Amino acid sequence: MSTFTLHLHSITAAQTVAGVRSLVARDASGSFGIQAGHEDFMTALDFGLARYRCEDAWRYLALPGGILRVAGGAVWLFTRRYLEDSDYRRLGAELEAQLRAEEAALHETRVSLRQMEQQLLRRLWELEQRGRLA
């Protein structure tokens, strides 16, 4: 069976996977598959899972969308970040853990902004009481 090379690129990493037999992803039109010899094209991927197969094993990619380009017998996938694993359940658990950590960090940022806003309002009120603001 013919194969192609998959080039994965994120903000922090680049990976080349040779010997890919097929790739399945999703864009606005729905799920689609790519095999060696596919016509050249480009599409914007949706948030979710993609998968590719080397030999007889599937590898899963969780990604927040991205750009997929097929050209010259190779496939390039560009995304802000991605998680990769051979077990989609483990990948889902890892993704969930990362989302929880991001939510916690976002909550801390909101609390910090709220505190800064309260301090600013308190300082403005104090200045007004002293007659420094008209």
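In case you missed it, the structure is sitting above this.
An account of the accompanying structure is given in this report. (Residues numbered from 1 in each chain as written. Predicted model: local features only at pLDDT ≥ 70, side-chain atom pairs only at ≥ 80, totals over all residues. Heavy atoms only, no water.)

Taken together, the side chains of Met42, Ile67 and Phe78 make up a nonpolar region of the molecular surface, amounting to roughly 280 Å² of accessible area. With respect to the secondary-structure elements, phenylalanine 78 resides in strand 6 (residues 74-78). Among the residues examined, phenylalanine 78 registers a relative accessible area of 37% and is labelled partly exposed. (Patch = residues over 30% accessible without salt bridge, like charges linked within 9 Å, V, L, I, M, F, W, Y side chains within 5 Å. Areas by Shrake-Rupley, 256 points an atom, 1.4 Å probe, with all protein chains shown as cover. Salt bridge = Lys/Arg side-chain N within 4 Å of Asp/Glu carboxyl O. Helix = DSSP H or I, 4+ residues; strand = E, 2+ residues; numbered from the N terminus. Buried < 20%, exposed > 50% of the residue type's maximum accessible area, 1.4 Å probe, protein only.)

A few words on the side chain of histidine 7. Along the chain, the position of histidine 7 falls in strand 1 (residues 4-9). Only 3.4 Å separates the side chain of histidine 7 from the side chain of threonine 16, close enough to count as a polar contact. If sequence neighbours within four positions are ignored, histidine 7 has contacts with Gln15, Thr16, Ala74, Val75, Trp76 and Leu77. (Polar contact = N/O pair within 3.5 Å; in protein donor to acceptor, adjacent residues only side chain to side chain. Contact = heavy atoms within 4.5 Å.)

This next bit is on the pairing of strand 1. For strand 1 and strand 2 (residues 14-27), the ladder comprises 5 bridges, and the chain directions are antiparallel. Residue pairing in the sheet places histidine 7 in a bridge with threonine 16 of strand 2. Counting the residues between successive antiparallel strands, the hairpin from strand 1 to strand 2 contains 4 residues. Judged from the 5 bridges that link them, strand 1 and strand 6 form a sheet pairing that is parallel. Bridge pairing links histidine 7 to tryptophan 76 in strand 6. (Pairing = 2+ DSSP bridges.)

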